[in-house]
Amino acid sequence: MAQKKVGEKRFEGSFEYDGELKYRLIFEKSPIGLFQYNTDAVITECNDRFVEILKSKRELLVGLNMHKINDKSVLPAILDALDGKNGYYEGPYTTTTSNAQVYVLLKAVPLTNPKTGQVVGAMGIVEDISDLYRTQEELTIKEERFRILSSLTSDSASILTIQPDGSFKREWLSSALMVQLGYKPEDVDSFEKWATIVHPDDIDVFKRAIGTITQKGEKVTLEFRIKAKNGKVHWIENTVYPEFNSSGKPFRLISAIKDITAKKEQEQELQQQRNLLKSIVDNAPLGIWVVNPDGSYPIINPWFSQNIGYGTSQFSMTEEEVAQCRRSDLQALNSDGPIETTEEVTFTDGKKHILQIFKQKLTSTTGETIGVLGIANDISERTQYEKALVEALEKAEESDRLKTAFLANMSHEIRTPLNGVIGFAKFLRNFPDTTPQEREKFLGIISTSADHLLTLINDIIDISKIDVGQLTINPEAVNINELLNEIYTFFYNANPDLPKREIAFNYTTSLPDSKAMVNADRMRLRQVLTNLINNALKFTDKGKVEFGYNINSETNEFEFFVSDTGIGIAKDKQEIIFQRFRQAYTDITKQYGGTGLGLAICKSLVELMGGRIWVESETGKGSIFRFTLPINAPTTPNRGKVYGYELQELKNLLKGKSILIAEDDPNCMYYLKTVLKDFDINILEADNGLLATEIQYQHPEIAAILMDIKMPVMNGYDAIKRIRSTNAHVPIIVQTAHAFSNERAISIALGCNQFITKPIDPNSLYQSLYSVLKESRRE
């Protein structure tokens, strides 16, 4: 294959973009043959018409060295262009690749480097003039015999004498065309008879031409359509020269007729191609324009002109954008090939659009620069889409990395307390002779480790509920002051080393107890505060941890806070800490532990309760976590009031009572019976809901029912419904391990009095029993 030169690159570059394929089609189907060759006179490119004229094949022509062609008649014109001159040849030519003989008109134009002026190739423009050349030869032959007719045509010609009655006395010099059309001389020997074969759409033009000839005595050349005998329509060119008598009236007509049907069809095809090109340009969903060297725009298609408001008062491009456009125009003018740029342009919609722009210098056949062709494609959406893809990929990779780190950390977080639970449990079983002090210490470690495991499990369950949209809020009237005091007491008792750590721990309130009411999910509000306080104590070596609330009168909200003097959080990390699996520092889990879920859960819980959460922090100086809850949210009465309890008073309330335990798991049943063994009660057992309803019906003296939800035969919900249909007063305490449904709300709606979750803390069970029995006695 011949090496491609600069000229060829210009064509290739022009059609690299998808939209240019359409224009390539127009170029290829041009009625004029086009070819390009390099400085070695090797053809590097040509269009379909060129191949057709030479009756050859493209693969035979592209790569052809014209120094080696058989017919050297065109070679001087080819080489003139490579010498920097315009080459020209007109005449017969015998092709090398097909051995066909054609008459051609060849124009060769040099292609030069605008910077150096060096010839880098040439462009050839070829027309097939075989028909014209043969016609001229025939006219030349007849010139001596037909002086006037020789310059007109050889299809049909005649000299006519106009008779007094308006008919013609005709001598046909050449009647080939009329015979071909099926007419005899007598069929068209008057203007009237001619009118009968003229196409109806051209009859008016024909009659006006007759008037010009007969009345004004002027020469007329007219193109019109006539109908052959077989009905086929032909285009003809009719030229008539009048001769005048002594009185100045035309008495003789010299007439020549040429069949121009093929020419008209070619013109129509060319016009169709022009119309197609115009239609493509006008309807293309991209910008197409030509800018002159003086900066004017002779061509600008509707898509671009409408989008930038060209030529109107709504012109939207800024001065900076216009200047950028001029700079790229100048770059294209100084470039041998097409250039590609990306420019931001303001459209009439007021938005900045990113355009991918191709520009190409345009030159005339003489090599003169006549302007720049520009083609612009709006890639704003594609750019945004690609950016979104990159961001999504980055997020996916980050998510995968975080989840991997989370799983590794979770493995550590779970196995550490498991080691305490399993290790000391097995140690106690294998070595029963431990001292009471050791036993108490080991049991404390087992209990603490189990609580830590439960917290981890609850966090995982909560985040899973949030993901599937199953975490719901159960609002009730909550006394904030009582809740804060309860939380304070819990942390103070659970952290007896606070004075040793030199940490001051306290809380503040802003309302009296009687007015400190908020409508919120008590358990979830406690969970948020507990998580924030736990973090504050964890990340504070010494100093102060304080929590409480204020009233924001401007937003009509409770504003809770938890402040500390701990390690603090960098500014660029204060947003990500509320994302799941994220912590402020990658090595934080090594020093402080944690799963990276706590704050993400807090954020979801606060938002579900109608508030918002944020942090104010400075590295090394501490943090203040704040969250809000609406003040005026409607309050819901607290169902099943929770009482503090005294163990002896609870024993008195239970003494001699019957308690029904509905539980299908033998271990859970054994556990409940164990924690109740020191009470003087009668325990009735049911391992499914149906049996529980039957026992309750048979023992109306039952003082309370502990009801599991997930049981065989009949579940707890259905059992509660059946019991409540006959007994509206017996206290029912729901106890369940099912964590992914809104069981608390459902159970309360069905009529249960208290709700406790597994694993069941004995104190929670005792408190629930005390509450329902106390309420029952009051009622």
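Residues numbered from 1 in each chain as written. Predicted model: local features only at pLDDT ≥ 70, side-chain atom pairs only at ≥ 80, totals over all residues. Heavy atoms only, no water.

1. What to know about the sheet that holds strand S20 (residues 557–564)
Part 1 of the argument: Pairing is mixed in the open sheet, where five strands are placed in the order S17-S19-S20-S22-S21. Across the chains shown, the open sheet's two edge strands, defined by having one partner strand only, are strand S17 (503–508) and strand S21 (613–618). Neighbour-to-neighbour, the strand axes of this sheet turn through a mean angle of 15 degrees, independent of strand direction.
Part 2 of the argument: In this sheet, strand S22 (residues 622–630) lies alongside S21 in antiparallel orientation, the contact comprising six bridges. Looking at the pairing, Glu616 lines up with Ile624 of S22.
Part 3 of the argument: Sheet strands in contact with helix H15 (residues 480–494) are S17, strand S19 (543–552) and S20, and its direction is about 165 degrees off that of S17. (Pairing = 2+ DSSP bridges. Helix = DSSP H or I, 4+ residues; strand = E, 2+ residues; numbered from the N terminus. Axes fitted to C-alpha atoms, helices over the stretch in contact; angles between N-to-C directions. Contact = heavy atoms within 4.5 Å.)

2. A few points about the sheet that holds strand S1 (residues 33–37)
Part 1 of the argument: As summarised here, the arrangement of the five strands in space is S2-S1-S5-S4-S3, forming an open sheet in which the pairing is antiparallel. In the strand order of this sheet, the two ends are held by strand S2 (43–46) and strand S3 (87–94), each with one partner. Averaged over neighbouring strand pairs, the angle between their axes works out to 25 degrees when direction is ignored.
Part 2 of the argument: Here S1 pairs with strand S5 (residues 119–128) via five bridges, running antiparallel. Counted as the bridge partner of Gln36 is Met123 from S5.

3. Brief notes about helix H19 (residues 647–654)
Part 1 of the argument: All of the buried residues in H19 are Leu650, Leu653 and Leu654. Along the long axis of H19, the arc covered by the buried residues comes to 90 degrees, so they all point the same way.
Part 2 of the argument: Backbone geometry just after H19 places Gly656 at a positive phi near 75 degrees. (Buried < 20%, exposed > 50% of the residue type's maximum accessible area, 1.4 Å probe, protein only. Arc of directions from axis to C-beta.)

4. A closer look at the environment of Lys544
Part 1 of the argument: Along the chain, Lys544 falls in strand S19.
Part 2 of the argument: On the accessibility criterion, Lys544 (39% relative accessible area) is partly exposed.
Part 3 of the argument: Put simply, Lys544 and Phe505 are 39 residues apart on the chain and 6.0 Å apart in space, counted from C-alpha to C-alpha.
Part 4 of the argument: Setting aside residues up to four positions removed in sequence, Lys544 forms contacts with Ala504, Ser563, Asp564 and Thr565.

5. Quick look at the packing of helix H21 (residues 689–698) against helix H22 (residues 716–726)
Part 1 of the argument: It is at 9 Å that the axes of H21 and H22 come closest, and there the two elements cross at 15 degrees. Of the possible angle classes, the one that applies to H21 and H22 is roughly parallel. The handedness of the crossing between H21 and H22 is right-handed. The residues of H22 that touch H21, namely those facing Gly689, Leu690, Thr693 and Gln696, are Ala719, Arg722, Ile723 and Thr726.
Part 2 of the argument: Residue composition of the contact of H21 with H22, by class: three nonpolar, four polar and one charged. (Parallel < 35°, antiparallel > 145°, perpendicular 65-115°, else oblique. Left-handed = near helix turned anticlockwise from the far one by under 90°. Nonpolar A, V, L, I, M, F, W, Y, C, P; charged D, E, K, R; others polar.)

6. Observations concerning the pattern of salt bridges
Part 1 of the argument: One pass over the structure, following the stated rule, counts 25 salt bridges.
Part 2 of the argument: Between Lys264 and Glu267 there is a salt bridge, and its shortest N-O distance comes to 3.7 Å. On the criterion of helical spacing, the pair formed by Lys264 and Glu267 is a turn pair, its members being three residues apart in helix H10 (residues 261–283).
Part 3 of the argument: Lys603 is the salt-bridge partner of Glu607, the closest N and O atoms lying 2.7 Å from each other. Taken together, the positions of Glu607 and Lys603, both in helix H18 (residues 598–608) and four residues apart, correspond to about one turn of that helix. (Salt bridge = Lys/Arg side-chain N within 4 Å of Asp/Glu carboxyl O.)

7. Describing the side chain of Asn479
Part 1 of the argument: Here Asn479 shows up in strand S16 (residues 476–479).
Part 2 of the argument: Note on Asn479: relative accessible area 11%, which makes it buried.
Part 3 of the argument: Polar side-chain contacts of Asn479 include one of 2.9 Å to the backbone oxygen of Asp513.
Part 4 of the argument: Other than its neighbours up to four places away in sequence, Asn479 contacts Asp513, Ala516 and Met517. (Polar contact = N/O pair within 3.5 Å; in protein donor to acceptor, adjacent residues only side chain to side chain.)

8. Details of helix H9 (residues 203–216)
Part 1 of the argument: The end-to-end C-alpha distance of H9, which contains 14 residues, comes to 19 Å, matching closely the 20 Å that a straight helix rising 1.5 Å per residue would cover.
Part 2 of the argument: Among the residues making up H9, those that are buried are Ile203, Phe206, Ala209, Ile210, Gly211 and Ile213.
Part 3 of the argument: Summarising the contacts, the buried residues of H9 are in contact with helix H8 (191–197), strand S8 (220–227), strand S9 (233–244) and strand S10 (250–259).
Part 4 of the argument: Looking one or two residues past H9, Gly217 carries a phi angle of roughly 70 degrees, positive in sign. (Expected span 1.5 Å × (residues − 1).)

9. Structural notes on the confidence of the model for the protein
Part 1 of the argument: Scored by pLDDT, the protein has a mean of 82; 83% of the residues are at 70 or more.
Part 2 of the argument: The least confident element of the protein is helix H1 (residues 6–14), whose mean pLDDT is 42; the most confident is helix H5 (residues 75–82), at 95.
Part 3 of the argument: Confidence drops under pLDDT 50 across residues 1–16; counting only partners more than four residues distant or on other chains, this segment forms 34 contacts.
Part 4 of the argument: Low pLDDT (under 50) marks residues 635–642, which in the prediction has 18 contacts with non-local residues, meaning those over four places away or in another chain. (pLDDT = per-residue confidence, 0-100.)

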